[in-house]
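# Reading the structure
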Amino acid sequence: PHHPPPRPRPPQHQPLTTPHPTTPHPPTHTPTPSTSPHRCRAPAKMTPSDLDTNRSRMKIRDVKDHRDREVILSKKLLTHLREYARLYKPIDYLFYGQRIDRPISTSSLRKIFNSAVEKSGIQKICHLHTLRHSYATHLLNKGVDIRIIQKLLGHRSVSTTTIYCHISKHRFDNTQSPLDDLAI
């Protein structure tokens, strides 16, 4: 059976927004679970035109099954991305690698993420993909419909999305029977 990786809890993921010292590599702030519905290859392929700042949307291009999709762009992340764009003026790629004409590599993204996790004090083993699980779980715990989460994650089947969504013990324990709402 598929066992999802452990995920950081909300109080633990806040430190992941601390600035990363590597410049001009991306992003100036490592994305948090609540802002990252993409696979780890997606930021490497992003271009400045993939950001729709007026609608707070971001295009994720051709990551899996040659399909593009649109996701919500966090207002907090948008602020960081605007500052990043102001400082580094990206042209071909939003996040460039060792050379300005090449995108950042997934290994560099992992190193940046691992450094942020280490600095944050998170004790659990986390991977970049953990962000997708956390993103889905946080949306589900906020009451977002599973079909919307499915679309944001780019899944064809809702059963795939359910693998990503972990029900918190608090939410489960506080769920009441709909029969309690009946006037009997």
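Anything mentioned here points back to the structure above.
All values derive from a computational prediction rather than experimental measurement. (Residues numbered from 1 in each chain as written. Predicted model: local features only at pLDDT ≥ 70, side-chain atom pairs only at ≥ 80, totals over all residues. Heavy atoms only, no water.)

### Some points on the overall build of the protein
Stated precisely, the cut-off is as follows: A helix here means a DSSP run of H or I that spans at least four residues, while a strand means a run of E at least two residues long, and both kinds are numbered starting from the N terminus. Between buried and exposed lies partly exposed: a residue is buried under 20% and exposed over 50% of the maximum accessible area for its type, with that area taken using a 1.4 Å probe on protein chains only. Contacts between residues were defined by any pair of non-hydrogen atoms, one from each residue, lying within 4.5 Å.
Across its full length, the protein carries eight helices and three strands. The order of α-helices and β-strands along the protein, N terminus first, is α-α-β-β-β-α-α-α-α-α-α. Counting the 184 residues in the protein, one finds 42% classified as buried. In the protein, once contacts between residues fewer than 6 apart in sequence are set aside, the share between residues at least 24 apart is 56%.

### Thoughts on the pattern of salt bridges
What counts here: By definition here, a salt bridge exists when the distance from a side-chain nitrogen of Lys or Arg to a carboxyl oxygen of Asp or Glu is within 4 Å.
All chains considered together, the criterion is met by four salt bridges. With a shortest N-O distance of 3.1 Å, Arg 55 and Asp 52 are connected by a salt bridge. The partly exposed category is assigned to Arg 55, whose relative accessible area is 45%. A salt bridge links Asp 101 to Arg 99; the shortest N-O distance between them is 2.7 Å. Note on Asp 101: relative accessible area 40%, which makes it partly exposed. Look at Arg 99 and you get partly exposed, because its relative accessible area is 43%. Counted as one network, the salt bridges with shared partners bring together Asp 52, Arg 55 and Glu 70.

### Overview of the packing of aromatic side chains
Selection rule: Two aromatic rings from Phe, Tyr or Trp, using only the six-membered ring of Trp, form a pair when their centres are within 6.5 Å; if the ring planes differ by under 30 degrees the pair is stacked, by over 60 it is edge-to-face, and anything between is tilted.
Inspection of the entire model under this criterion finds two aromatic pairs. With 5.0 Å between their ring centres and 50 degrees between their planes, Tyr 84 and Tyr 88 make a pair best called tilted. Within this pair, Tyr 84 and its partner Tyr 88 are both found in helix α3 (residues 75–88), separated by four residues, close to a single helical turn. By relative accessible area, which is 0% here, Tyr 84 ends up buried. Aromatic ring contacts, followed pair by pair, group Tyr 84, Tyr 88 and Phe 95 into a single cluster.

### A word on the nonpolar core
Heads up, the condition is: Residues grouped as a nonpolar core are buried Ala, Val, Leu, Ile, Met, Phe, Trp, Tyr and Cys residues, joined through side-chain atoms within 4.5 Å.
Counting residues in hydrophobic clusters, the biggest one holds 34 residues, and the most contacted among them are Leu 51, Met 58, Leu 73, Leu 81 and Ile 149. Those elements that provide at least two residues to this core are α2 (42–45), β2 (57–64), α3, α4 (106–120), α5 (130–141) and α6 (146–153). Each residue touching Leu 73, except ones within four places of it in the same chain, is listed here: Leu 51, Ser 56, Arg 57, Met 58, Leu 78 and Leu 81.

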